[in-house]
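Breakdown of the fold
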Amino acid sequence: MKIRAVASNTFKEAIRDRVLYLLLFFAVISLISSRILALLTVGDKIKIIMDVGLASISLFGVLMAILMGTGLVYKEIDKKTIYTLLSKPINRLQFLLGKFFGLMATLFIMLVFMSLIFIIIFLLYSGQITWKFFVSLGFVFLELCLITSVALLFSCFSTPILSSIFSLSFYVIGHLSWGLETLIKKMKPGITKFLTQAVYALLPDLENFNFKSEVVHNLAIPPKIFLFSFLYGIIYTFFILVLAMLVFRRRDFI
Amino acid sequence: MSKQKILEIKDLYKSFSSGFLGKKTKILKGISLEVNKGEIFGYLGPNGAGKTSTLKCILGLIFPDKGNIKVFGFDHLSIKAKQKIGFLPENPYFYDYLTSSEFLHFYSQLFQKQKTADIDALLKLVGLEENKDIQLRKFSKGMLQRLALAQTLLNDPELVLLDEPLGGLDPIGRKEIRDIILKLKEERKTVFLSSHILQDIEMICDRVAILVNGEVINQGRLEDLVSQEILFTEMTVSQINRKELENFGKTLTHYGNKSLIKIYDQNKVQEILQFINEKKGKVHSLVPRTQTLEDIFIGMVKQK
Amino acid sequence: MVVSCGLFMGLKLITDQIPRKKVPGASIIYIPSGKYLKYASLGYSSLFADLVYIWSIQYFSNHSVPERFQYLTHVFSIISELDPNYLDPYQVGALIAIYDAKDFDTAMEILEKGLEKNPEQWIFPWQAGHYAQMILKDFKLAKKYYKMAMEIQGSPPITKRLYSNAVYELGDYETAWKNWLEIYKNADDKRVKKIASNHLYRTKAAIDIQKIKQALYKYKNKFGQLPKKLGVLVSSGILDSIPQDLDGRDYVYNPETGKIKTAVIPWKR
């Protein structure tokens, strides 16, 4: 398939990109440092290791997604490799999707790698890995899908630096929006409240994918939230990709 | 030669807006041209005339404001059209991290249902078979240009669009490319060659269009545009007194005992030959100069 | 290059020696509330809780900052806001409050917050009761907390015993007797049964001695002096009978002082 051809090319590019290995290095460092931190605490050491581990995997995954996602389309335009590519019988949608899936495949591999290292460190401390851990990782991956699609969208019309800032803002807003929810509850009903609710519904809510606390404290997770969070992630990603396509469709490559 | 129209452009307009206030600059101001099957068509113009922009319109890399483009009778953006096109951009640049065979393999996957050329044979054709496993970041400019040509021919295209293919090549490279273009013509392919180097166009093109400032100011067969009339004759002679030579024409330079003389009046050519014979002088060269494309070109550009 | 390297390494060692008034990370004190930190943590609040907790351990063991305990509640409430289910900080915070800061109220506050956020954790009221009993010797408070702990499913059986003991210490012998009887009846092993029986003995003794004392008082009022023997109380009609201890022994009466005690020590039966 043509999408697969572009995807595997994007994957090759990402895997051979040195930035990726720098980030991976830092991720491994922070996973190892969880052991050191565990020494400083009084009481439950397993919790510290789990917290640092999940945070590292999540944070570095997001950084990889943003740093590589913002160059996805921009680099092709800037280096003009897109000229010969689009002169072949491939349409722009196939190109975008190929780029997206190529990066997702790379991020998946990275996530698996980081998780394996974490699991080894964790098991050395004779902790117990529950199924919740893997579910939480799955949702981290879903969050990465959404962030990548946002980075891809900005990559279609903006330079990597600006795109990174915008994508990072998306991430921050996504984790702050529940604060907006608290604010809305305190508001008096009326037009302002309605408008704020509309804005709130539109803004991303990345906390839907955050199951770190549940994993660390082994709390119950209502099964409904799996389905709804999953659908939310998929549909929002789809929405952003459509937006990216609209921007990219009639773009002139001067 | 059949008169099947491979490429038809009608009333192509394109302007770009730049700057914060969106000031519009007109790049293409109503271009119309036709390219027939099996010919080498030269698209000629100074830098900034809009040649590359025209090519980008044909390929769907930029979208015209107005106008119609048909390739093989199909809409230029259709897959059917793209399957038969090969494009060689100016200053080609490809993915650093791939080797040349990986790169060609990748592109060949984009021609899903078509049969593509054997990659090794293609690399051999452009002289890159020894470098097929070296990453492209290590390629020189000449090598990249050869690879660009290879990717152009991947799908055995019937229409080949070349944007300044001979720029930056050494003389041997230029001859090789010219030979490949002529070979394409032999294979009944159509070539659209965009360049600002007139000598190349003159050597191989059948028909040309001249683009100045976004408008096609002239198009037609090369012979029709360039008159065969002799403008002047240049002769290099020796052992003749300079002053005597000036009766026939204008002496340009002297070096040693040789003189270069330019004779405008064709009648005087026979006279000077007789004169030199009588005076026991020597004729080293005799070159009649006809009107060249450069002459027409400069004339037309000056008119604008 | 080598010289400059050696120089800066030497300088670092020297500057490390210079005493400076610094408490790293102390600016956390200026954060108004854990709620804001939770927003700022962008979904990593559990990790932040860990980091603040680890920092707080270092901070509160740093003796060069004498006024550090005024922020004890604040810091631990931040940790609680960030990760309410993180159990260690509540216990350690209370520990620091009691032993280092000698601030019992703060310790109780921290433990109560722990219970509020984690209602299924019996350890918090249990710990509170324990501190109340051991350090403050305040059995009223201890009773309150032990009761809370008792009512949580999963609390260890000793909680009920501690509760009953507190009830006894507060002088409510009737309730204490009832509780100890229950414990005795429900005990599955011999050790607990023995403990319960000892407590029952003690409680009965307390009830009996109280009764006898009241009778002695009445006698003294009536006759102007204490009787020579306890039997006199019966013959004079004040008491129907002289109660005996749980094992059937008589109580020991000292006619001079009017004091009554058990023939044996309850724990050495």
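Residues numbered from 1 in each chain as written. Chains lettered and ligands numbered in written order. Predicted model: local features only at pLDDT ≥ 70, side-chain atom pairs only at ≥ 80, totals over all residues.

1. Some thoughts on the overall build of chain B
Within chain B one finds eleven helices and 14 strands. With the principal axes as the frame, chain B shows a C-alpha extent of 75 × 50 × 45 Å. The proportion of buried residues among the 304 residues of chain B is 34%. Residue pairs at least 24 apart in sequence account for 68% of intrachain contacts in chain B once pairs closer than 6 positions are excluded. (Helix = DSSP H or I, 4+ residues; strand = E, 2+ residues; numbered from the N terminus. Buried ≥ 20, exposed ≤ 12 C-beta atoms within 10 Å, placed from the backbone. Contact = placed C-beta atoms within 7 Å.)

2. Looking at the overall build of chain C
Secondary structure summary: chain C contains twelve helices and two strands in total. Each helix and strand of chain C, placed in order from N terminus to C terminus, yields the pattern α-α-α-α-α-α-α-α-α-α-α-α-β-β. Along the three orthogonal principal directions, the C-alpha set of chain C runs to about 105 × 40 × 35 Å. A burial count over chain C gives 33% of its 269 residues as buried. Long-range contacts, defined as pairs at least 24 residues apart, comprise 50% of the intrachain contacts of chain C with a sequence gap of at least 6.

3. Quick look at the nonpolar core
Residues Leu161(B) and Phe192(B) are the most contacted members of the largest nonpolar core, which totals 178 residues. Of all hydrophobic cores here, the second largest spans nine residues; its members include Met235(B), Val237(B), Ile240(B) and Ile272(B). (Core = buried A, V, L, I, M, F, W, Y, C linked by C-beta atoms within 7 Å.)

4. With respect to the environment of Thr175(C)
Residues and elements named next belong to chain C. Tracing the sequence through the fold places Thr175 in helix H10 (residues 173-186). For Thr175, a count of 14 C-beta atoms within 10 Å corresponds to the partly exposed category. Linking Thr175 and Val92, residues 83 residues apart in sequence, is a C-alpha distance of 34 Å.

5. Let's talk about the sheet that holds strand S1 (residues 5-18) of chain B
A sheet is described by the order of its strands in space; here four strands give the open sequence S2-S1-S4-S5 (chain B), paired in antiparallel fashion. The open sheet terminates on both sides in strands that have one partner only, identified here as strand S2 (23-36) and strand S5 (74-75) of chain B. (Pairing = 2+ DSSP bridges.)

6. Some words on the interface of chain B and chain A
Contacts between the two partners involve 25 residues from chain B and, on the opposite side, 20 residues from chain A. Residue assignment for the side of chain B that touches chain A shows that the elements contributing at least two residues are helix H1 (51-59), helix H2 (79-82), strand S6 (85-88) and helix H3 (100-108) of chain B. A per-class count over the side of chain B that touches chain A returns 18 nonpolar, five polar and two charged. (Nonpolar A, V, L, I, M, F, W, Y, C, P; charged D, E, K, R; others polar.)

7. Quick notes on the packing of helix H3 (residues 45-69) of chain A against helix H3 (residues 45-60) of chain C
Viewed as axis vectors pointing N to C, H3(A) and H3(C) meet at an angle of 130°, and their least axial separation amounts to 9 Å. Judged on the interaxial angle alone, H3(C) and H3(A) are oblique. The crossing of H3(A) and H3(C) is left-handed. Of H3(C), the residues touching H3(A) (which contributes Lys47(A), Ile48(A), Asp51(A), Val52(A) and Ala55(A)) are Ser46(C), Leu47(C) and Asp50(C). Each residue belonging to the contact of H3(A) with H3(C) can be placed in one class, and the counts come to four nonpolar, one polar and three charged. (Axes fitted to C-alpha atoms, helices over the stretch in contact; angles between N-to-C directions. Parallel < 35°, antiparallel > 145°, perpendicular 65-115°, else oblique. Left-handed = near helix turned anticlockwise from the far one by under 90°.)

8. A word on the packing of helix H7 (residues 131-155) of chain A against helix H11 (residues 223-249) of chain A
All names here are of chain A. Interhelical geometry of H7 versus H11 gives an angle of 15° and a closest axis separation of 8 Å. Looking at the two axes, H7 sits roughly parallel to H11. Between H7 and H11 the crossing geometry is left-handed. Here H7 contributes Phe139, Leu142, Cys145, Leu146, Ser149, Val150, Leu152 and Leu153 to the contact with H11, which in turn contributes Ser229, Phe230, Gly233, Tyr236, Thr237, Ile240, Leu241, Leu243, Ala244 and Val247.

9. Section: helix H8 (residues 139-150) of chain C
All names here are of chain C. The end-to-end C-alpha separation of H8 is 16 Å, in line with the 16 Å expected for twelve residues at 1.5 Å each. Buried residues of H8: Ala142, Lys143, Tyr145, Tyr146, Met148, Ala149 and Met150, and no others. Summarising the contacts, the buried residues of H8 are in contact with helix H7 (123-136) and helix H9 (158-169). (Expected span 1.5 Å × (residues − 1).)

10. So, the pairing of strand S14 (residues 282-290) of chain B
Residue and element names in this part refer to chain B. With zero of nine residues buried, S14 is to be regarded as a mostly surface element. Relative to S14, strand S11 (residues 230-238) runs antiparallel, the two sharing eight bridges. Of the residues in S14, the one forming a bridge with Ile230 is Thr290.

11. Overview of the pairing of strand S10 (residues 215-221) of chain B
Residues and elements named next belong to chain B. Inspection of the sheet shows strand S9 (residues 207-212) paired to S10 by six bridges, in the antiparallel sense. Its bridge partner lying in S10, Val212 is registered against Glu215. Count of turn residues in the S9/S10 antiparallel hairpin: two residues, of which Asn213 carries a positive phi of about 55°.

12. Considerations on the domain arrangement of chain B
All names here are of chain B. Structurally, chain B comprises domain 1 (5-225) and domain 2 (230-303). Across the contact, nine residues belong to domain 1 and seven residues belong to domain 2. Looking at the side of domain 1 that touches domain 2, the elements that each hand over two or more residues are helix H7 (198-204), S9 and S10. Class assignment of the residues belonging to the side of domain 1 that touches domain 2 gives a composition of seven nonpolar, one polar and one charged. (Domains from an automatic or database assignment.)

13. Some details on the interface of chain C and chain A
Many authors give the size of an interface as the accessible area that is lost as the parts come together. Counting from both sides, the interface comprises 14 residues of chain C and, opposite them, 22 residues of chain A. Going through the elements one at a time, H3 and helix H5 (88-100) of chain C are the ones with two or more residues in the side of chain C that touches chain A. If one sorts the elements of the side of chain C that touches chain A by residue count, H3(C) sits on top with six residues. Class assignment for the residues of the side of chain C that touches chain A results in nine nonpolar, three polar and two charged.

14. A few points about helix H10 (residues 267-278) of chain B
For H10(B), built from twelve residues, the straight-helix expectation of 16 Å at 1.5 Å per residue is met to within 8% by its first-to-last C-alpha distance of 18 Å. One or two residues past the end of H10(B) sits Lys280(B), with phi positive at roughly 60°.

15. Quick word on the sheet that holds strand S3 (residues 40-44) of chain B
Residue and element names in this part refer to chain B. The strand order across the open sheet built from six strands is S6-S7-S8-S3-S9-S10, with neighbouring strands paired in mixed fashion. Only two strands of the sheet have a single partner each, and these edge strands are S6 and S10. In this sheet, neighbouring strand axes are inclined to one another by 15° on average, regardless of whether the strands run parallel or antiparallel. When strand S7 (residues 159-163) meets strand S8 (residues 190-195), the two strands line up parallel, connected through five bridges. The residue bridging Asp163 from the neighbouring strand is Ser194, located in S8. Those strands touched by H1 are S3, S6, S7, S8 and S9, and its axis lies near 145° from that of S7.

16. Structural notes on the confidence of the model for chain C
For chain C, the average pLDDT comes to 86, and 94% of its residues sit at 70 or higher. Across the assembled chains, the prediction reports ipTM 0.84 with pTM 0.82. (pLDDT = per-residue confidence, 0-100.)

17. Side note on unusual backbone geometry
Trans peptide bonds make up most of the peptide bonds, and negative phi angles are found at most residues other than glycine. For Lys80(A), which is not glycine, the phi dihedral falls at a positive 65°. Tracing the sequence through the fold places Lys80(A) in the loop between helix H4 (72-78) and helix H5 (81-86). Classification of Lys80(A) as partly exposed rests on a count of 17 C-beta atoms within 10 Å. The residue Asp11(B) is not glycine, and still its phi comes out positive at about 50°. Take Asp11(B): there are 13 C-beta atoms within 10 Å of it, and that puts it in the partly exposed class.

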